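# Fold and contact review
Listed below are the residues making up each chain.
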Amino acid sequence: MSDEHTAVRWDGIYAESSGLTNSWYRPEPAFALEVVAELGMPLDGAVVDVGGGAGNLVDGLLAAGHSDLTVVDLSATALDIARRRLGLVGDRVAWVATDVLSWTPPRTYALWHDRAMLHFLVERADRARYLTVLRAATAPSSHVVLATFAPDGPTSCSGAPVHRYDGARLAELLGPDFGPGVVLREIHRTPAGHEQPFTWAVFTRLQT
């Protein structure tokens, strides 16, 4: 695996920033929560936030009443930041510090959510491994929400190259077993004030 995906590298990034100054940070995960709410899934449906790091989507999902949450990230430091922020409520979350590309999901999830991890996978082999794990973690009727840099978005992030997508390219990546739903565009403003165009796409697994 290339250096940009090593745990040591990402632990260092989060240790320096505490997750508050990284370009992907946002004070409120309102956009993601709206996307999840539109799915109408039951509050006890299992949700996995892939590459969630120190992000605050888990905070919003807990506040909305979701009760079966898992956050998977390469950086144990990032997960510790989120766990400490949540305090005792964080004990209700399953925190998994591992490389998603080699993770063996213990079960399937009603929702796979990934904001800003997939676009770091610039190697075809890494994307293939990602899809293998995604398939193992989902079942027919499972939802998949992917958010990546849009075609006119940045070409790199935190010193690492990225692979940009529109809705059609994400649908092509997942293949015919995943039915496409809504495709949205978001302009994310970074803590430094820069604008980053994102593509959000929602899919539903159709087949095993």
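In what follows, the accompanying structure is described. What you see is a predicted model; the values in this text were computed from it and never measured.

So, on to the overall build of the protein. What the protein contains, in helices and strands, is 6 helices and 9 strands. Burial statistics for the protein: of 208 residues in total, 50% are counted as buried. As displayed, the protein has an accessible area near 9300 Å², and 54% of this comes from carbon and sulfur atoms.

This next bit is on empty space enclosed by the protein. Counted according to the given criterion, the structure contains 1 cavity of 30 Å³ or more. Space inside the largest cavity adds up to approximately 30 Å³. In terms of lining, the largest cavity is formed by V47, D49, L57, V58, L61, L69, T70 and V71. Elements that contribute at least two residues to the lining of the largest cavity include exactly β1 (47-50), α3 (57-63) and β2 (69-73). Taken together, the residues of the lining of the largest cavity break down into 6 nonpolar, 1 polar and 1 charged.

Moving on, we come to the side chain of H66. Tracing the sequence through the fold places H66 in the loop between α3 and β2. In this structure, H66 is in contact with V36, M41, P42, L43, V47, L61 and R92, ignoring residues within four places of it in sequence.

In this section: the pattern of salt bridges. For the structure shown, the criterion picks out 8 salt bridges. When the shortest N-O distance is used, the salt bridge between R26 and E186 registers 3.2 Å. Of this pair, R26 sits in the loop between α1 (7-17) and α2 (30-39) while E186 is found in strand β8 (residues 178-189), placing the two residues 160 residues apart along the sequence. For the residue pair R26 and E186, the accessibility class agrees, reading buried in each case.

A few words on the side chain of D49. Along the chain, D49 turns up in strand β1. No salt bridge is formed by the buried D49; its nearest oppositely charged neighbour, R26, is found at 8.3 Å. At a separation of 2.8 Å, a polar atom in the side chain of D49 contacts the side chain of H113. Look past the residues within four positions of D49 in its chain and what remains in contact with it is L57, T70, V71, V72 and H113.

Each value, and the rule that gives it
- Residues numbered from 1 in each chain as written.
- Predicted model: local features only at pLDDT ≥ 70, side-chain atom pairs only at ≥ 80, totals over all residues.
- Heavy atoms only, no water.
- Helix = DSSP H or I, 4+ residues; strand = E, 2+ residues; numbered from the N terminus.
- Buried < 20%, exposed > 50% of the residue type's maximum accessible area, 1.4 Å probe, protein only.
- Areas by Shrake-Rupley, 256 points an atom, 1.4 Å probe, with all protein chains shown as cover.
- 1 Å grid on protein atoms, 1.4 Å probe; cavity = no way out; pocket = protein on both sides within 12 Å on 5 of 7 lines; lining within 4 Å.
- Points joined across faces, edges and corners; volume = space filled by probe spheres on them.
- Nonpolar A, V, L, I, M, F, W, Y, C, P; charged D, E, K, R; others polar.
- Contact = heavy atoms within 4.5 Å.
- Salt bridge = Lys/Arg side-chain N within 4 Å of Asp/Glu carboxyl O.
- Lys, Arg positive; Asp, Glu negative; His and termini not counted.
- Polar contact = N/O pair within 3.5 Å; in protein donor to acceptor, adjacent residues only side chain to side chain.

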